[in-house]
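Chain by chain, the residues run as shown.
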Amino acid sequence: MEQNIEKLQAIVSPLLTWYDENRRVLPWREEVSAYRTWVSEIMLQQTRVAAVLPYFQRFMARYPTVQDLARGDEEELLKLWEGLGYYSRARNLQKAARIVAEDYTGAFPADYKELIALPGIGDYTAGAILSIAFGLPVPAVDGNVLRIASRITGWDRDVQSTKKEITRWMAEVVPSDRPGAFNQALMDLGSALCLPAAPRCPDCPLRGLCTAEREGSQARIPVRAPKKDKRPEEKTVFLLRRPDGTVALGQRPKTGLLAGLWEYPNVPGLFTETQAARQLAAWGLTPLHWEESWQAVHLFTHVRWQMQGYAVLVSGEGDLSWYSEEQRRQKAIPSAFEKANRILQKWEGE
């Protein structure tokens, strides 16, 4: 352990020098606060920086303070989040904002235990807030840091099962004078150079300090246990429009996958057009014109949706709920239905 800590301590100075010259200019870095750091880190979970940037700007324009977020309407919040995915993140943001607004008078606690007690905040996010917004020497260990630390040290054990050990190393290494810069430098290095596949070792400021680069083991480090197969689910999705322009939508249950979001009518199984016509009849609808059909796959953390879709002009009320264009624009429809969303946007633009 001591040897690994020494190897990691050696990267601090060259890494910070590189960061000072190459740091990404990002809105949450140019104006730093615990609130902005928190929102950006939650948005960045499972999401690329380029995708987050416009969402962050819109979010801050609508909810400039934690009190604004605490008072916000959930439906409006989910609509603003539409397309980012993992919608539980947005709900947890608002739950935590209400606690901060009520119990801490709007000021985030500069305390690790109090931060991780807030909904949606784990070890990494707490470390990012404490180091970046409060200047405290706390590590922020995510996938980038696990990869960099394991390559620097030549660590050949599964990084997920040994994450606590690697975190202890980083706690000894993070510099007390520039903890936020150090953690952000690791983020940038992992994003730009120390990539999961095909790392750009010749351009890396830590090249002479990296065990994996010296031994040629970058391809097998970090070591990760095989991922479990995602559970497959097949479904047929119906984009149903009536001549008056209204479209059928339903709201998902308040708990579970995509909780409380809106979706197009769908049923289990991959239907042929004949089977789909029978389903429309069962709903009490008459197809006037079969507009389009499509296939799509959407991956969740543990589930794989295989979808067959039909866009149909129909008549009748049926057993469904119908919404105008103005009403639909207020509802958050997840990106799992991206192809149906695009067809609907095309229709609305005609």
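The rules we used
- Residues numbered from 1 in each chain as written.
- Predicted model: local features only at pLDDT ≥ 70, side-chain atom pairs only at ≥ 80, totals over all residues.
- Heavy atoms only, no water.
- Salt bridge = Lys/Arg side-chain N within 4 Å of Asp/Glu carboxyl O.
- Buried < 20%, exposed > 50% of the residue type's maximum accessible area, 1.4 Å probe, protein only.
- Helix = DSSP H or I, 4+ residues; strand = E, 2+ residues; numbered from the N terminus.
- Disulfide = S-S within 2.5 Å.
- Contact = heavy atoms within 4.5 Å.
- Axes fitted to C-alpha atoms, helices over the stretch in contact; angles between N-to-C directions.
- Parallel < 35°, antiparallel > 145°, perpendicular 65-115°, else oblique.
- Left-handed = near helix turned anticlockwise from the far one by under 90°.
- Nonpolar A, V, L, I, M, F, W, Y, C, P; charged D, E, K, R; others polar.
- 1 Å grid on protein atoms, 1.4 Å probe; cavity = no way out; pocket = protein on both sides within 12 Å on 5 of 7 lines; lining within 4 Å.
- Points joined across faces, edges and corners; volume = space filled by probe spheres on them.

J.: Before we move on, could you go through the pattern of salt bridges and cite the residues and values that matter?
T.: Evaluation of the coordinates by the stated rule reveals 20 salt bridges. The salt bridge involving R242 is made with D244; its shortest N-O contact spans 3.9 Å. Overall, the relative accessible area of 14% leaves R242 in the buried class. Two residues, R252 and E263, come together in a salt bridge whose shortest N-O distance is 2.8 Å. Separated by 11 residues along the polypeptide, R252 in the loop between β2 (247-251) and β3 (262-263) and E263 in strand β3 bring together distant segments of the chain. Connected via shared salt-bridge partners are R24, R29 and D188.

J.: Which residues make up the state of the cysteines, and what are the values?
T.: Applying the stated criterion to the full structure yields 0 disulfides. Between C194, a cysteine without a disulfide, and C204, which holds the nearest cysteine sulfur, the sulfur-to-sulfur distance is 6.3 Å. Free cysteine C210: the closest other cysteine sulfur is in C201, separated by 6.2 Å.

J.: Run through helix α10 (residues 123-133), naming residues and quoting values.
T.: For α10, a buried count of 9 out of 11 residues is recorded, marking the element as mostly surrounded by other parts of the structure. Taken residue by residue, α10 has Y124, T125, A126, G127, A128, I129, L130, S131 and I132 as its buried positions. If you follow the buried residues of α10, they end up packed against α4 (34-44), α9 (112-116) and α13 (179-192). Phi turns positive one or two residues past the end of α10, at G135, with a value near 70°.

J.: How would you summarise the packing of α10 against α13 if you had to cite specific residues and measurements?
T.: The geometry of α10 relative to α13 is characterised by a closest axis approach of 7 Å and an angle of 130° between their N-to-C directions. Classified by the interaxial angle, the pair formed by α10 and α13 is oblique. The interaxial crossing formed by α10 with α13 has left-handed handedness. The segment α10 lies against α13, with Y124, G127, S131 and I132 engaging P179, G180, N183, Q184 and M187. Residue classes in the contact of α10 with α13 are distributed as 4 nonpolar, 5 polar and no charged.

J.: Explain unusual backbone geometry to me, and be specific about the residues and the numbers.
T.: Trans peptide bonds make up most of the peptide bonds, and negative phi angles are found at most residues other than glycine. In this structure, the amide linkage connecting I221 to the following residue, P222, adopts the cis form with an omega of 10°. Mapped onto the elements, P222 comes out in the loop between α14 (211-215) and β1 (231-241). At L258, a position not held by glycine, the phi torsion is positive, near 55°.

J.: Outline empty space enclosed by the protein, listing residues and values.
T.: With a probe scaled to a water molecule rolled over the atoms, the places where space remains empty come into view. Applying the stated criterion across every chain, the model contains 2 cavities of 30 Å³ or more. Taken as a whole, the largest cavity spans an internal volume of roughly 120 Å³. Contributing to the lining of the largest cavity are 14 residues, with R151, C194, C201, C204 and C210 lying nearest its centre. Top element by residues in the lining of the largest cavity is helix α11 (residues 143-153). It accounts for 3 residues. In terms of residue class, the lining of the largest cavity is made up of 10 nonpolar, no polar and 4 charged. Counted as a void, the second largest cavity has a volume near 30 Å³. Surrounding the second largest cavity, W294, A296, M307, A336, F337, E338, K339 and A340 form its lining. Among the elements of the structure, β5 (286-299) and α17 (338-349) are those that each provide at least two residues to the lining of the second largest cavity. Broken down by element, the residue count for the lining of the second largest cavity peaks at 3 residues, all from α17. Among the residues forming the lining of the second largest cavity, the class breakdown is 6 nonpolar, no polar and 2 charged.

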